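Observations on chain architecture
Given next are the chains, with one letter for each unit.
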Amino acid sequence: GENVEQHPSTLSVQEGDSAVIKCTYSDSASNYFPWYKQELGKGPQLIIDIRSNVGEKKDQRIAVTLNKTAKHFSLHITETQPEDSAVYFCAASIRSGNQFYFGTGTSLTVIP
Amino acid sequence: EPEVTQTPSHQVTQMGQEVILRCVPISNHLYFYWYRQILGQKVEFLVSFYNNEISEKSEIFDDQFSVERPDGSNFTLKIRSTKLEDSAMYFCARGGGGGELFFGEGSRLTVL
């Protein structure tokens, strides 16, 4: 089955700096790659996603890149703010209705 | 606003007892999922449910687990005889039209 690896496990940045979280996947059939933000005691919230026919997608301060050849994708947060502090999970899925495979999470702390 | 409503938010039970976790979608959807997250670990797939039938299940979803949609609306996860290792956050999620996954706020299960 699919195996998703995520790095780093923890990340601290100064407010205003950029944060980058990286994930790799093993199954070349995976074609949908979402990113989730999970705040303490809450469910994961979808913040951005990318499909295999796209190399990059941006939504305000958040961007995701995908390299299908290398089987890795990354989350980029620019101009970080304290409210960006949370655990971020990447995931991979083959098709609609199939299970999502999650990374192990990155605990991001933005220091004011 | 959550995509699905989960109850209870927290349940404490004795080992060996049966537990039922409930999920109520905000609107009609065909795909539903249960995931679990043991404290500090990644989100793990349990089962997917499409058109009132199980479409996929993981190795975690053994004979102790069952899902059903008894009244065509509520979606339940039953654990017949809880074990200590069943202690986790259980998330219900609904599938989006583009293959996305939208999580509820979760039900925390503590098995003593």
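Everything numeric in this text was worked out from a predicted model, so none of it was measured. (Residues numbered from 1 in each chain as written. Chains lettered and ligands numbered in written order. Predicted model: local features only at pLDDT ≥ 70, side-chain atom pairs only at ≥ 80, totals over all residues. Heavy atoms only, no water.)

Another point: the overall build of chain B. When you go through chain B residue by residue, the secondary structure sums to zero helices and eleven strands. Counted from the first residue to the last, chain B has its helices and strands arranged as β-β-β-β-β-β-β-β-β-β-β. Radius of gyration (C-alpha) of chain B: 13 Å, near the 13 Å computed for a compact globule of 112 residues. By principal-axis analysis of the C-alpha atoms, chain B measures approximately 40 × 25 × 25 Å. Within chain B, residue pairs in contact and separated by at least 24 positions form 50% of the contacts whose partners lie at least 6 positions apart. Per element, the accessible surface of chain B, about 5,500 Å² overall, is 45% carbon and sulfur. (Helix = DSSP H or I, 4+ residues; strand = E, 2+ residues; numbered from the N terminus. Rg over C-alpha atoms; globule rule 2.2 N^0.38 Å. Contact = heavy atoms within 4.5 Å. Areas by Shrake-Rupley, 256 points an atom, 1.4 Å probe, with all protein chains shown as cover.)

With that settled, consider the overall build of chain A. Scanning chain A from terminus to terminus reveals zero helices and eleven strands. The N-to-C order of helical and strand elements in chain A reads β-β-β-β-β-β-β-β-β-β-β. Rg of the C-alpha trace for chain A: 13 Å, near the compact-globule value of 13 Å for 112 residues, within the 12% margin. Each principal axis of the C-alpha atoms in chain A carries an extent, and together these give about 40 × 30 × 20 Å. A buried classification covers 45% of the 112 residues belonging to chain A. In the structure as shown, chain A presents an accessible area of about 5,400 Å², 46% of it carried by carbon and sulfur atoms. (Buried < 20%, exposed > 50% of the residue type's maximum accessible area, 1.4 Å probe, protein only.)

Our focus in this paragraph is the sheet that holds strand E1 (residues 4–7) of chain A. All names here are of chain A. Pairing is antiparallel across the open sheet formed by five strands, whose spatial order is E1-E3-E8-E7-E6. If you trace the sheet from one side to the other, it starts and ends with E1 and strand E6 (56–59), each paired once. Adjacent strand axes in the sheet meet at a mean angle of 15° when their direction is disregarded. (Pairing = 2+ DSSP bridges. Axes fitted to C-alpha atoms, helices over the stretch in contact; angles between N-to-C directions.)

With that settled, the discussion passes to the interface of chain A and chain B. The partner chain B presents 21 residues to the 20 residues of chain A that form the contact. Carbon and sulfur atoms supply 52% of the area buried between chain A and chain B, which totals about 1,700 Å² over both sides. Run the count over chain A and chain B and you get one salt bridge. With a closest N to O distance of 3.9 Å, Arg51 of chain A and Glu100 of chain B form a salt bridge. (Buried area = accessible area lost by both parts, 1.4 Å probe. Salt bridge = Lys/Arg side-chain N within 4 Å of Asp/Glu carboxyl O.)

Residues and elements named next belong to chain A. Pairing of E6 with strand E7 (residues 62–67), which is carried by four bridges, proceeds in the antiparallel orientation. Paired with Lys57 across the strands is Val64, a residue of E7. Hairpin connection between E6 and E7: a loop of two residues separates the two successive antiparallel strands, and Gln60 in this loop has a positive phi of roughly 60°. The sheet contact formed by E7 and strand E8 (residues 72–77) spans six bridges and is antiparallel. Considered in E8, the bridge of Ala63 is made with His76. Here E7 folds back onto E8 in antiparallel fashion, the turn holding four residues, of which Lys71 has a positive phi close to 55°.

Here we take up the state of the cysteines. Residue and element names in this part refer to chain A. Inspection of the entire model under this criterion finds two disulfides over all chains. At a sulfur-sulfur separation of 1.9 Å, the disulfide partner of Cys23 is Cys90. Measuring handedness by torsion sign, the sulfur bridge of Cys23 and Cys90 sits at about -95° and is left-handed. With a gap of 67 residues between them, Cys23 in strand E3 (residues 19–25) and Cys90 in strand E9 (residues 86–92) connect regions that are remote in the sequence. Of the two residues examined, Cys23 and Cys90, each falls in the buried class. (Disulfide = S-S within 2.5 Å.)

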